[in-house]
Amino acid sequence: MHLPVRLAGVALLVAAVATPGAAQHAPVPPSTWAITGARIEPVSGPAIAKGTIVIRDGLIVAVGANVAAPADARLIDGSGMTVYPGLIDAAGSLGFPSGNAGGGGGGGGGGAASRATAPNSNYGPGMQAELRAVDQLDPSATAFTAARGAGVTAALTAPAAGIFRGTSALIALRDAPVGELVIRDGIAQHIGFSRGGGGGFGGGGGYPGSLMGVFAQLRQELLDAQHYRDLQAAYARNPRGMVRPDHDPTLAALQPVIAGTQPVVLFANSEREIIRALDLAAEFGLRPIIAGGTEAWKVADRIKAANAPVLLSIDFPRKSAGGGAAAGRGGRSGADSTPEPLRVLRDRVDQPKGAGRLAAAGVRVAFVSGNDYGELPANLRRAVEGGLDKAAALRAMTLEPATLFGVADRLGTIEAGKIANLTLVTGDLFEAGGKVSQVFIDGERYEIPAAATPAAQAPRRAPASAEDDQAAGTDDHDHPAR
Amino acid sequence: MKTLATLVASLVVASGVAAQAPAPPTLITHATVLTVTNGTLTDTDVLLQGGKIAAIGTGLRAPAGATTIDATGQYLMPGIIDPHSHMMSDATNEGSLSVTSMVRIADVLDPTDTHIYDALAGGTTTLNILHGSANTIGGQNAVVKLKYGRTAAEMLFPGAPPGIKFALGENVTRKNSGRVIVVGQPQPQPRYPSSRMGQEEVLRDAFTRAIDYRRSWEDYRARVAKGEKNLVAPRRDLELEPLVEVLEGTRLVHAHSYRADEMLMLLELADEFGFTVQTLQHALEAYKIAPEIARHGAGISTFADMWGYKIEAYDAIPYNVAVTMRAGVLSTINSDDDGRARRLNIDAAKLVRYGGLTDDEALATITINGAKQLGVGDRVGSIEVGKDADVVLWNGHPLSVYSHPLTTFIDGEIFFDVERDKAKRAALEAERAELEAAEPNKVPTPSRGGAGRGATPPADSTWESRR
């Protein structure tokens, strides 16, 4: 039973949970929206000073200065707001089962290492390239809350630990079954250079226990993949008289990687880590994407020569309020103890300039929040202050990741026909004071409560702002948290 | 099968790193030149040009564009070579297995380690960076020139033969001590072996497997040569390939060991498998078996006067090098420590006191002998025309405790200079003041919800050298 959806000002919508069992009793949320009178940054073209966006059934239907809202659309007054394509976080581990019960806040429900192991694998945990993010996702109820609060509507996700971590997926950050979240599967094979535990003299775990071992294992496994390719090809050409080669799921999964048809995301931050990663990619003819890249600007030319995009972490380091509370260096209370090394001081000043420098060198950059969603808007501004122009910064969170992940034809800009992912900001995302008020993901609306400060802890159900909603005086939740 | 050196060389090219142009020429005049191989020359000029020692003589003319250094009262000696170091690496041991010949120090070099600069200030120009001593067969080494400020690839010593680390004795057997056994939980597996007997067996087994591996490739190549079709090469095994190279004499073995009996075991095993151990590292009991070491053809690399820190290091004497040298064993002093790496001149001086080595013999233990042990004796280690311009100017004789380096050249380029260092200090202070005043380096004000973040690098980056 539907409640007919009327023009705003008349209908009173009650929060509904769209689970199958409740379908007969719960009202269905509106599927047609029109955001009117907003400033729009489509990324695909120049900004529209005052325009309308119409979305229906999860897709953008129309966008422009002279678009009329259809009769069945629920209206959102966009005056004072800027609408951007839904922001995309270019790397992370959202949606993986976490050790702790999910509890909102910075870090989201993901970030945990997936402990999954593949059945029938000849390679040990952490080395099973056949694992797929889509098979392991199990987001908690609050897994995506923090990300959405920063305006992020989609994210690349893969396990955070292991050497060969499996293939990542680009997911929409909705509260919905996993099958509905996957925008694209099999984006890239993720490779990390840390075993995450043990190592060194008498390493606690098995092999590899050191960074040297990690490289040796990577090299050996990629050589094994090449050998597997040669064996399978020889057998396919002439099976008679040749002993059948074993099937190996790990090496089979690495075939597109060594063929260069599937890229590898290589986690590397320092200059030498990036060089090592690019050297490894060159050794095996891989298509590298650097993730992290905090010192990438130092080797921009090398990255450009390798034609490698950078999924750049903009989780810029800040000086911690060490005060006297935490046990700081030297442990003396009050006065400064050991001065910080120059390289730490330089790094804090240089990192926000990194994006601008990479862009100037012609390197493609997409932004990674680094899990501190609370700081994401401030970090975006720092990247712009550091020399990246605003359009490029916006692109780095929208069309660039969409392009890198092969979904630019359906995501990443505000154009008719594309997926209705939108980020609505009161003010301007790149100006201080800009605040994410709501996001649309696959046409589903999520309101973002006002940022919690120690003084003003806004009650959960307060309306975000009077202008948001023309249904006056309503306690309006179009999509509740469970 | 490519050697590591050629592979890295090709990667350097692929990476677009241009070969560095040689440094402008430098003429050093009126120095006391300790050539090490051709005696001491007083009031002599040395010309460094094109990265090489171009001329040695008197009254040399400075070519166009050359800097002239008046070295009156100063001493010029070859850059010090340290044949046992663990500096500038993000990892030292892969101890999880008994045989880890597949791992490479070259994969984990950290060219930003400031100990490099300290070593240059101590007159050291070349290091043999080794895998640690956690296991019987360790990983592949990296020989580097300390070109501080360059990338790791640019520091690798061009053309140095590849090497590998072996280890015998207590460090290897005590790997299983300290295991915590928790009742009811799966027990941590002990790593074989726990005894010196087992270490010999590990070597024997590894080389037997290497021989089988080599045979499988010989068979394959023979079949290809006969024209057989549809063949697939054997699976490449990165653990066994370096061991085949040892058997063929193209990879040098540097074997950590202390006791005479285990050193003899290794030399006899090497004889049996047909290869020569290049150096015995530490070798504190080498003096007991000097003729046997000489007969096998191994060298030793040891400490001047450090011993007694464990049982197998007990029965040592400071005359070790004197005895081995007189028996014809190529002998060097090493540091195995970042601190000792910048005062190897003092360790060499101790050999004059203990054993009566001549100045040149003592200097040889930290220069030309190490160059020969590392297979680069034709390139560095002495002041001879045509060799690389890896030289150090000292304010006094290097075997004196009052002396220190003034300028360190590698390939004719200055990588350390006392005066430049002093001049830089003011600039660094000014930079520090500017950086500390910058906004990201200020402690955040309390108005921002208390969320001043620490500078935590993303979790994936755990291999930064923390200092």
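In this numbering scheme, every chain counts its residues from 1 along its sequence in written order. All chains are assigned letters beginning with A, and all ligands numbers beginning with 1, in the order in which they are written. Under the rules for a predicted model, residues below a pLDDT of 70 receive no local features and side-chain atom pairs below 80 are neither given nor counted, while totals for whole chains, interfaces and linings still include all residues. Remark: hydrogens and water are excluded; side-chain values derive from all non-hydrogen atoms of the structure.

Peer 1: Looking at this structure, how should I read the overall build of chain B?
Peer 2: A helix here means a DSSP run of H or I that spans at least four residues, while a strand means a run of E at least two residues long, and both kinds are numbered starting from the N terminus. Counting its regular elements, chain B contains 13 helices and 17 strands. A compact globule built from 467 residues should have a C-alpha radius of gyration of about 23 Å, and chain B, at 25 Å, falls within 12% of that. Here the C-alpha coordinates of chain B stretch approximately 75 × 65 × 60 Å along the principal axes. Looking at chain B residue by residue over its 467 residues, the buried ones come to 54%. It is over C-alpha atoms that the radius of gyration is taken, and the globule rule equals 2.2 Å times the number of residues to the power 0.38. Any residue under 20% of the maximum accessible area for its type is buried, any over 50% is exposed, and the rest in between are partly exposed; the area is computed with a 1.4 Å probe on protein chains only.

Peer 1: Looking at this structure, I do not really get the confidence of the model for chain B. What am I missing?
Peer 2: Low pLDDT marks regions whose predicted coordinates should not be analysed in detail. Residues and elements named next belong to chain B. pLDDT expresses, on a scale from 0 to 100, how confident the predictor is about each individual residue. Across chain B, pLDDT averages 91, with 90% of residues at or above 70. We call two residues in contact whenever any of their non-hydrogen atoms come within 4.5 Å of each other. Note on residues 8–17: pLDDT is under 50 here. Beyond four places in sequence and across chains, it has nine contacts. Between residues 448–467, whose pLDDT stays under 50, and residues either more than four places distant or in other chains, the model counts 48 contacts. Complex prediction metrics read pTM 0.87 and ipTM 0.90.

Peer 1: Hey, could you run me through the pairing of strand β15 (residues 391–394) of chain B in this one?
Peer 2: A regular strand places its side chains so that they alternate between the two faces of the sheet. Residue and element names in this part refer to chain B. A two-sided burial pattern is seen for β15, the buried positions comprising Val391 and Leu393 on one face and Val392 and Trp394 on the other. At least two bridges found by DSSP between two strands is the condition for calling them paired. Direction of pairing for strand β5 (residues 75–78) relative to β15: antiparallel, over a ladder of four bridges. Across the sheet, the residue bridging to Met77 is Val392, located in β15. Where β15 meets strand β16 (residues 405–410), four bridges bridge the pair, whose relative direction is antiparallel. Its bridge partner being in β16, Val391 is matched across the sheet by Phe409.

Peer 1: Looking at this structure, I do not really get the sheet that holds strand β7 (residues 124–129) of chain B. What am I missing?
Peer 2: Adjacent strands of a sheet form backbone hydrogen bonds with each other and so pair up, either parallel or antiparallel. Residues and elements named next belong to chain B. Across the sheet, which stays open at both edges, the three strands sit in the order β6-β7-β9 with mixed pairing between neighbours. The sheet terminates laterally at β6 (80–85) and β9 (142–145), the two strands that pair on one side only. For this sheet, the mean inter-axis angle between neighbouring strands, taken without regard to orientation, is 20°. Inspection of the sheet shows β7 paired to β9 by four bridges, in the antiparallel sense. Paired with Leu127 across the bridge in β9 is Val144. Working convention: axes come from line fits to C-alpha atoms, limited for helices to the stretch in contact. Angles between N-to-C directions cover 0 to 180 degrees.

Peer 1: Help me understand helix α7 (residues 260–273) of chain B, please; the structure alone is not making it clear to me.
Peer 2: Residues spaced three or four apart along an α-helix point in a common direction, a consequence of the helix completing one turn every 3.6 residues. All names here are of chain B. With 14 residues, α7 should reach 20 Å at 1.5 Å per residue; the first-to-last C-alpha distance of 20 Å fits that figure. Of all the residues in α7, the buried ones are Ala260, Glu262, Met263, Met265, Leu266, Leu267, Leu269, Ala270 and Phe273. Where α7 is buried, its residues touch β10 (163–167), α5 (196–225), α6 (241–248), β11 (252–257), β12 (279–282) and α8 (290–296). Phi turns positive, to about 85°, at Gly274, one or two residues after α7. To estimate how far a helix should extend, the number of its residues minus one is multiplied by 1.5 Å.

Peer 1: Any chance you could explain unusual backbone geometry here in plain terms?
Peer 2: Glycine aside, residues mostly have negative phi angles, and peptide bonds mostly take the trans form. Looking along the chain, the bond that leaves A:Tyr207 and enters A:Pro208 is cis, with omega of -5°. Relative to the elements of secondary structure, A:Pro208 occurs in the loop between β11 (189–191) and α4 (211–237). In the segment running from B:Tyr192 into B:Pro193, the intervening peptide bond is cis, with an omega of 5°. Along the chain, the position of B:Pro193 falls in the loop between α4 (170–173) and α5. Look at A:Asp442: it is not a glycine, yet its phi comes out positive at around 50°. In this structure, A:Asp442 sits in the loop between β17 (435–441) and β18 (444–447). Judged by its relative accessible area of 23%, A:Asp442 falls in the partly exposed class. Positive phi outside glycine occurs at B:Ala283, with the angle close to 45°. One can find B:Ala283 in the loop between β12 and α8.

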